[in-house]
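These are the residues of each chain, in order.
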Amino acid sequence: MLNKKSVDDINVKGMRVLCRCDFNVPLDGDRITDETRLVAALPTIKKLIADGGKVILCSHLGKPKGADKAFSLAPVAKRLTELLGQEVKFAADDTVVGDNARAAVDAMNDGDVVLLENTRFRAEETKNGEEFSKDLASICDVFVNDAFGTAHRAHCSNVGVTQFVDTAVVGYLMQKEIDFLGNAVNNPVRPFVAILGGSKVSSKISVINNLLDKVDTLIIGGGMSYTFQKAMGGNVGQSLVEDDYIDYAKEMMAKAEAKGVKMLIPVDTVVTKEFKNDTPFTVVEAGQQAADDMGMDIGPKTSELYREALKDAKTVVWNGPMGVFEFSNFAAGTIAVAEELAKLEGATTIIGGGDSAAAVNNLGFGDKMTHISTGGGASLEFLEGKALPGVEAANDK
C-alpha cells in the first residue's frame, strides 16, 4: 500500500534527524491530560536514538496566533524525558529555529534528543512558507515524518522542509496508519461495516460517498443523523440539522439502495429540552420529535439494531460518536457501539481519530480495538480517497 521509504530503509548514525511528530496534546495548564499521541510517537523516536541519530523533534500544538507561551511545547519535553528515560532538551525559541535551537543541535552527541518550540509560533508554518522550511532543513541531514495527524495539510514542518532535504522518509506510526486505513478501505475482509457519527453531514460528505462504493453496511449516528431523518420526512424539533444537505442525504440513501448497501439510520432517539447533562430526557421514535425536542443520542432500539449489524463484521471503520458522549446521560449509544466492537473476534476494528478515539479511550475500550488512528482530519480525508500531502512528500522506495 505504502510505497514510501521508512526509518527502516535508512542509516542515521551520526546524522542530525529532524522528526516531525504529532504532539498536539490537550493541556490543562502545563499538565498533559491525554498522552496517547506522545506514546504513539515513542517507537520511531526510540529507533532513531538506538541507531545513533541526533534526534531533533518538532510539532505544532493548538492554533496559536504567533508565539504564545500558553501553547509552548515545554510540558511535552518534560513528559517525553520521563517516557524515554533520558533528557529531552527543550530549545525555547519564539522563532523555532533560533539561537537556542542551533546551539542545542550543535552540542548534540549521537543518541541525544532535542525538542523545538511549537512550529506554529511561525506564522508561515501553515502557509508552507519557504523561509521557515529552509530554516528547518538547515539544522538536519535527514527528515522523518511521523505526524499522521497533519498529513492532510501541506505545512513547512511536514512538506516544505522535504524540498530542501535529500532524504525524507516516514516513521512507524505513519506507516501503521496508512497500512491499516489503506487495507481496510481498499482491501477489506468482508463483511465491511462503516460507522459514521459526529455532528455534521457536511464534514462527512465525501466520506459517505466514497465508502458507499466499498462497504456492505453503513451505520449513521450522531448529530448528522437528524439531517437524514428530516430527509425521510421526519420531525426533528430543535435537533442539529443542515437543511442545505437534505437533498444530499436523499441522494446518498438512493445510492445505497442502488448499490445494495445496507444503510442504517436511527429508529429512535433520546431527546431533551436543553443542551446539558442534568436535564430530564425521554425516548421518542425517530422523526416523531416535538418542536422543542433536541436529539442527544441514539435510542435503545437503535443501539440494538446497530449491535446486531456489527455481530458478523470482519472489518469495521468507525468515525464519530453516536451522541453527545461527553455528557454521561447521553453516552449510551456510543458505549453500545464500543462494547460491540470490543466483543468482535477475528475482526479488524479501526477507530478514526478525533472524537471517536477520545470516546473509545475515555470509556475504557481502547485496548480492545485493532487500531486507533491518531489523526481525525487526516483519517477522514484518507477515507475520502484523497492523497495526503504529508505522505506524498516522502521519498519513494
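The coordinates are above.
Values in this document were obtained by computation on a predicted structure and should not be read as measured data.

Asks: Any chance you could explain the packing of helix α9 (residues 300-310) against helix α10 (residues 332-343) here in plain terms?
Replies: When two helices pack together, their arrangement is given by the angle between the helix axes and by the axis-to-axis distance. One way to put it is that α9 packs onto α10 with a least axis distance of 9 Å and a crossing angle of 20°. It follows from the interaxial angle that α9 and α10 lie roughly parallel. In this structure, the crossing between α9 and α10 has a hand that is right-handed. Across the interface between the two elements, Ser303, Arg307 and Leu310 from α9 touch Gly333, Ala336, Val337, Glu339, Glu340, Leu341 and Lys343 from α10. When the residues that make up the contact of α9 with α10 are grouped by side-chain class, the tally is four nonpolar, two polar and four charged.

Asks: Got a minute to help me understand the nonpolar core in this structure?
Replies: Grouped burial of nonpolar side chains is what soluble globular proteins tend to show. Core analysis: the largest hydrophobic core is formed by 40 residues, its most contacted members being Phe148, Ile208, Leu218, Phe228 and Met263. Tallying contributions element by element places helix α8 (residues 246-259) first for this core, with six residues. Apart from residues lying up to four places away in sequence, leucine 218 is in contact with Ala194, Leu196, Ile208, Leu212, Val261, Lys262, Met263 and Leu264. Ranked by size, the runner-up nonpolar core spans 29 residues in total, among them Val17, Phe23, Leu38 and Val76.

Asks: Would you mind showing me how to read helix α2 (residues 74-84) here?
Replies: Since one α-helical turn is 3.6 residues long, residues separated by three or four positions face the same way. Taken together, the buried positions of α2 are Pro75, Val76, Ala77, Leu80 and Leu84. Here the buried face of α2 lies against β2 (27-28), β3 (31-32), α1 (36-50), β4 (54-58), β5 (88-91) and β6 (113-116). Of the residues trailing α2, glycine 85 is marked for its positive phi of about 70°.

Asks: Even after reading the chapter, I still don't get the packing of aromatic side chains, so can you show me in this structure?
Replies: Think of a pair of aromatic rings as described by two things: how far the centres are apart, and how the planes are tilted against each other in angle. Here the structure, examined in full by the defined rule, presents two aromatic pairs. Seen from their ring centres, phenylalanine 281 and phenylalanine 330 are 5.4 Å apart, and the 70° between their planes marks the pair as edge-to-face. Placement of phenylalanine 281 in the loop between β12 (268-272) and β13 (282-285) and of phenylalanine 330 in the loop between β15 (315-319) and α10 is noted, with a sequence separation of 49 residues between them. Overall, the relative accessible area of 0% leaves phenylalanine 330 in the buried class.

Asks: Which parts of the structure should I look at to understand unusual backbone geometry?
Replies: Most peptide bonds take the trans form, and the phi angle of most residues other than glycine is negative. Arginine 190 connects to proline 191 through a cis peptide bond whose omega is 0°. As for its placement among the helices and strands, proline 191 is situated in the loop between α5 (172-186) and β9 (192-196). Of note, valine 96 is a non-glycine position whose phi angle comes to about 70°, a positive value. Assessed through its relative accessible area of 0%, valine 96 is described here as buried.

About the thresholds
- Residues numbered from 1 in each chain as written.
- Predicted model: local features only at pLDDT ≥ 70, side-chain atom pairs only at ≥ 80, totals over all residues.
- Heavy atoms only, no water.
- Axes fitted to C-alpha atoms, helices over the stretch in contact; angles between N-to-C directions.
- Helix = DSSP H or I, 4+ residues; strand = E, 2+ residues; numbered from the N terminus.
- Parallel < 35°, antiparallel > 145°, perpendicular 65-115°, else oblique.
- Left-handed = near helix turned anticlockwise from the far one by under 90°.
- Contact = heavy atoms within 4.5 Å.
- Nonpolar A, V, L, I, M, F, W, Y, C, P; charged D, E, K, R; others polar.
- Core = buried A, V, L, I, M, F, W, Y, C linked by side-chain atoms within 4.5 Å.
- Buried < 20%, exposed > 50% of the residue type's maximum accessible area, 1.4 Å probe, protein only.
- Phe/Tyr/Trp six-rings, centres within 6.5 Å; stacked < 30°, edge-to-face > 60°.

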